[in-house]
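# Secondary and tertiary structure notes
So you can see what is in the structure, the chains are spelled out below.
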Amino acid sequence: MFSACFRYPAVLFLTSLIYVLVPSLASASHSWGGYHWSSDTVPPVIIRLMDNLAGDWNTGYLNPVATAWEAGYKDQTNPIPSAVKPTVEGGTLSNVRKCSAITGTVQVCNTTYGKNGWLGVAQIWISGGHITKGSVKLNDTYFNTAKYNTTAWRILVLCQEVGHTFGLDHQNENFSDPNLETCMDYTNNPESNQWPNKHDFEQLRDIYAHLPDGSTSSTSSTGSGKMPPGMFRDLHEPSEWGKLIRESQGGRTAVYERDFGGGHKVFTFVIWAR
Ligand SMILES: [Zn+2]
Ligand SMILES: [Zn+2]
């Protein structure tokens, strides 16, 4: 990702420094910058998915998705245990429209968010290298339409947004490429892309390999200074998502970054409905 900058010595130095400080940047190419949940135990790290789902989503989508992420890659000779252990707990949010994130959890919500263009949104709050909280929003305004009201679309989008809250990035963003058989891959046909694949579990293994973090983790992994007030706000409106840092497929998918300074950031991953 930095290759275009290599001709500048200062940037080269900085890049090497980043690789030294954050080795996962170099090795985990489909992780989200190596951001991860902190833990003082070895993997799997428990990630609390708070189930605020209702209506059609209430009939058994979140549990199978959590189970799939927990299961790891099953292979007779080379199984890869999952580095995450998502638990599904009853959500208590009264306002699923806001779906306010709560420290130490991922809030999962659905409602008719309106014709705002997005099918699903995942947000992660970062302090230093660590994810402190997350949210997943599923827009029934589009999931109620014939195109998206299928089990495959629901599973793919939920599986992908939840995957982002673990620190994973997309594996492929071209909708017309052959399916990679992972929900972290965009597609026009979700049928074979509903669940995580081997590479997802390799990525998770790499991202979380350094656990436990221990009490020695410095400001580089906790962020510095007082937590900026913005980190406690809901960032519901696209105007609050910050700068667009990546866009693909003519704007069908996008990642935004809101930087509050001192290593405190919010990333927003969007699947736009088309
Ligand atoms: Zn860590
Ligand atoms: Zn995504």
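Because the structure is a prediction, the values reported are computed rather than measured.

The rules we used
- Residues numbered from 1 in each chain as written.
- Chains lettered and ligands numbered in written order.
- Predicted model: local features only at pLDDT ≥ 70, side-chain atom pairs only at ≥ 80, totals over all residues.
- Heavy atoms only, no water.
- Donors = N, O, S within 2.8 Å, 3.2 Å for Na, K, Ca; no water.
- Helix = DSSP H or I, 4+ residues; strand = E, 2+ residues; numbered from the N terminus.
- Buried < 20%, exposed > 50% of the residue type's maximum accessible area, 1.4 Å probe, protein only.
- Pairing = 2+ DSSP bridges.
- Phe/Tyr/Trp six-rings, centres within 6.5 Å; stacked < 30°, edge-to-face > 60°.
- Salt bridge = Lys/Arg side-chain N within 4 Å of Asp/Glu carboxyl O.

### Digging into the coordination of the zinc ion (ligand 1)
- Distances from the zinc ion (ligand 1) to its protein donors, namely H36 (NE2), H130 (NE2), H210 (NE2), D213 (OD) and D213 (OD), fall within the range 2.0 to 2.6 Å.
- Counting residues between consecutive donors of the zinc ion (ligand 1) along the chain gives the motif H-x93-H-x79-H-x2-D. Within this pair, whereas H36 is found in strand β1 (residues 36–37), its partner H130 is found in strand β6 (residues 130–139), the two being separated by 94 residues in sequence.
- Residue H130 is classed as buried on the basis of its relative accessible area, which comes to 6%.

### Digging into the coordination of the zinc ion (ligand 2)
- Protein coordination at the zinc ion (ligand 2): the donors are Q160 (OE1), H164 (NE2) and H170 (NE2), at 2.0 to 2.1 Å from the metal.
- Mapped onto the polypeptide sequence, the residues donating to the zinc ion (ligand 2) form the spacing pattern Q-x3-H-x5-H. The residues H164 and H170 share a single accessibility class, namely buried.

### Digging into the pairing of strand β4 (residues 105–111)
- The buried count for β4 comes to 7 of 7 residues, which makes it a mostly enclosed element.
- Neither face of β4 is left uncovered, since the one carrying T105, Q107, C109 and T111 and the one carrying V106, V108 and N110 both have all their residues buried.
- Across 6 bridges, the pairing between β4 and β6 is parallel. In the sheet register, T111 faces β6, and the bridge partner there is N139.

### Brief notes about the packing of aromatic side chains
- Per the stated rule, a full pass over the model turns up 11 aromatic pairs.
- Aromatic pair F175 and Y186: ring centres 5.0 Å apart, planes at 25°, arrangement stacked. With F175 in the loop between α5 (151–166) and α6 (198–208) and Y186 in the loop between α5 and α6, the pair connects residues that are 11 residues apart, well separated along the chain. Per residue, the accessibility class of F175 equals that of Y186, and both read buried.
- Pairwise contacts between aromatic rings join W57, Y61, F143, Y148 and W153 into one cluster.

### Quick word on the pattern of salt bridges
- For the structure on display, the rule yields 7 salt bridges.
- Between R246 and D169 there is a salt bridge, with the nearest N and O atoms lying 3.0 Å from each other. On the criterion of sequence distance, the pair formed by R246 in strand β7 (residues 243–248) and D169 in the loop between α5 and α6 is long-range, its members being 77 residues apart.
- According to the relative accessible area criterion, R246 is partly exposed, its value standing at 25%.
- According to the relative accessible area criterion, D169 is buried, its value standing at 7%.
- Through salt bridges with shared partners, one network takes in D169, E173 and R246.

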